[in-house]
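As a plain string of letters, each chain reads:
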Amino acid sequence: MTRLSIERAAAEAVVTSSGWLAEQPKSFQTELLRRARLVEYSSGVPAFVTGDEVGGIQGIVRGSFRFCVPDRSGHERLAHLAQVGTWIGHPVVFATHGRSITCYATEPAQTLQVGLGAMNELIASFPETILHFNDLTRRVMRVAIEIIADQLIPDSERRIGATLLRAGGVSDDQRSGRQVKVILAQAQLAEMANVSRHLVNSALARFKKMGWVKVSYNCVVITDADGLRENLHRSD
């Protein structure tokens, strides 16, 4: 285990304090985590790739993961960034085909992994747990809809701001003074927002001037999520 790794108890505390699992019954949390194992990823290592057989779910307890989808020509395009507290790999408990996206560790990361066999065993033992996995599926669909909605924003600066908020895992109803670190190069943000690198540079320069972000190498720190959000929803 590396120096920056977190212990099992701390890992379980992470996924039971935010995200999908935190909103499920305590009994379900206990049974799911009893079947989970702690897994480490180096930066750039895939958790799964397009075409892989289904294989369970993983709750992010350290680091972040980027999601890439194949375009019509088969080239991978960066679509989303998942932060701590997010569960990835779903809804594989219901799937009969291979995975349709690729997921890489953006930085050194750890997850709590629950295999497909363990999920099926949990459903067989406690049939009501299928409702909790259904809730996870609902959350995945909500993220997919958010990605589509962001891409439909006609103004490029606002689209960049919306994409950055989503990449940082900042929800619309989240009001917090905490800073959010997003491991994302400007070229990657441009790809996610479907704009040029030049437009990203210009937008980040204005966001920085307004005090909404700090920018460094391969990283953007959201310092004022409310400011970014208000800019997104302003009426001209």
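**Thoughts on the overall build of the protein**
Logical step 1: Looking only at helices and strands, one finds eight helices and eleven strands in the protein.
Logical step 2: Taken over the C-alpha trace, the protein has a radius of gyration of 18 Å; the compact-globule value for 236 residues is 18 Å, and the two agree within 12%.
Logical step 3: With the principal axes as the frame, the protein shows a C-alpha extent of 55 × 40 × 35 Å.
Logical step 4: With 236 residues in all, the protein has 46% of them scored as buried.
Logical step 5: Relative to all contacts within the protein whose residues are 6 or more apart in sequence, the contacts with residues 24 or more apart total 74%.
Logical step 6: Total accessible area computed for the protein in this model is approximately 11,900 Å², and 54% of it derives from carbon and sulfur atoms.

**Considerations on the environment of Arg229**
Logical step 1: As for its position among the elements, Arg229 is in helix H8 (residues 225–233).
Logical step 2: Residue classification places Arg229 among the buried positions, given a relative accessible area of 4%.
Logical step 3: In this structure, the C-alpha to C-alpha distance between Arg229 and Gly55, residues 174 residues apart in sequence, is 36 Å.

**Considering the sheet that holds strand E10 (residues 213–216)**
Logical step 1: The antiparallel open sheet is built from three strands, whose spatial order is E9-E11-E10. Looking at strand neighbours, the two that pair on one side only are strand E9 (180–182) and E10, the edges of this open sheet. Between one strand and the next, the sheet's axes are offset by a mean angle of 15°, whatever the strand orientation.
Logical step 2: In this structure, E10 lies alongside strand E11 (residues 219–222), joined through four bridges in antiparallel fashion. When the sheet's bridge partners are listed, Lys214 is paired in E11 with Val221.

**Re the pairing of strand E7 (residues 102–105)**
Logical step 1: Going residue by residue along E7, you find Thr102 and Tyr104 tucked away on one face and Cys103 and Ala105 tucked away on the opposite face as well.
Logical step 2: Where strand E2 (residues 46–48) and E7 come together, two bridges link them in antiparallel fashion. The partner of Pro46 across the bridge, within E7, is Tyr104.
Logical step 3: In terms of strand pairing, strand E4 (residues 65–70) meets E7 through four bridges, oriented antiparallel. Across the sheet, Arg66 pairs through a bridge with Tyr104, a residue of E7.

**Remarks on the nonpolar core**
Logical step 1: Core analysis: the largest hydrophobic core is formed by 27 residues, its most contacted members being Ile160, Leu164, Val182, Leu184, Phe207, Ile222 and Leu228.
Logical step 2: Of all the secondary-structure elements, those providing two or more residues to this core are strand E5 (76–82), helix H5 (156–167), E9, helix H6 (186–193), helix H7 (197–209), E11 and H8.
Logical step 3: Discounting chain neighbours no more than four positions away, the residues touching Ile160 are Leu189, Ala193, Val195, Leu199, Val200, Ala203 and Phe207.

**Description of unusual backbone geometry**
Logical step 1: Despite not being glycine, Asn194 shows a phi value in the positive range, around 60°.
Logical step 2: Its identity is not glycine, yet Asn218 carries a phi of approximately 55°, on the positive side.
Logical step 3: Note that Asn218 resides in the loop between E10 and E11.

**Description of helix H3 (residues 116–125)**
Logical step 1: Of all the residues in H3, the buried ones are Met119, Leu122 and Ile123. Within H3, the buried residues cover an arc of 100° as seen down the axis, which keeps them to one side. Facing away from the buried side of H3 by more than 90 degrees, the exposed set consists of Gly117 and Ala124.
Logical step 2: Looking at the buried residues of H3, the elements they touch are helix H2 (26–34), strand E3 (57–62), strand E8 (109–114) and helix H4 (129–151).

**Considering the packing of aromatic side chains**
Logical step 1: Per the counting criterion, the structure on display carries six aromatic pairs.
Logical step 2: Consider the rings of Tyr41 and Phe65, whose centres lie 5.4 Å apart with planes at 85°: the pair is edge-to-face. Taken together, the residues span a long stretch of sequence, with Tyr41 in strand E1 (residues 37–41) and Phe65 in strand E4 at a distance of 24 residues.
Logical step 3: Chaining the aromatic ring pairs together yields one cluster made of Trp20, Phe28, Trp87 and Phe133.

**A few points about the sheet that holds E4**
Logical step 1: Read from one edge of the open sheet, four strands run E2-E7-E4-E5, paired in antiparallel fashion. Both edges of this open sheet fall to E2 and E5, since each of them pairs with a single strand only. With strand direction ignored, the average angle separating the axes of adjacent strands in the sheet is 30°.
Logical step 2: Packed onto the sheet, H6 meets E4 and E5 and runs at close to 100° relative to E5.

Definitions and limits used
- Residue numbers run consecutively from 1 along every chain, following the written order of its sequence.
- Reporting in this predicted model follows two pLDDT cut-offs: at least 70 for local features of residues, and 80 or more for side-chain atom pairs to be given and counted; totals over whole chains, interfaces and linings ignore these cut-offs and use all residues.
- Excluded from the side-chain calculation are hydrogens and water; included are all heavy atoms of the structure.
- Starting at the N terminus, helices and strands are each numbered in turn, a helix being any DSSP run of H or I of at least four residues and a strand any DSSP run of E of at least two.
- Both definitions apply: the radius of gyration is a C-alpha atom measure, and the globule rule equals 2.2 Å times residues to the power 0.38.
- Each residue's exposure class comes from its accessible area (1.4 Å probe, protein chains only) as a fraction of the maximum for that residue type: buried when under 20%, exposed when over 50%, partly exposed otherwise.
- Whether two residues touch is decided by their heavy atoms; if any such pair falls within 4.5 Å, the residues are in contact.
- In this description, accessible areas are obtained by the Shrake-Rupley approach with a 1.4 Å probe, and a residue is regarded as covered only by the protein chains that are shown.
- Pairs of strands are assigned from DSSP output, requiring at least two bridges between the strands.
- Axis definition: a line fitted to C-alpha atoms, limited for helices to the stretch in contact. Angles are taken between N-to-C directions and run from 0 to 180 degrees.
- The definition of a nonpolar core used throughout is a set of buried Ala, Val, Leu, Ile, Met, Phe, Trp, Tyr and Cys residues joined through side-chain atoms within 4.5 Å.
- What the arc measures is the spread of directions leading from the helix axis to the C-beta atoms.
- Pairs were defined over the aromatic rings of Phe, Tyr and Trp, the Trp ring being its six-membered one, requiring ring centres within 6.5 Å. Orientation was assigned from the angle between planes: stacked under 30 degrees, edge-to-face over 60, tilted for the rest.

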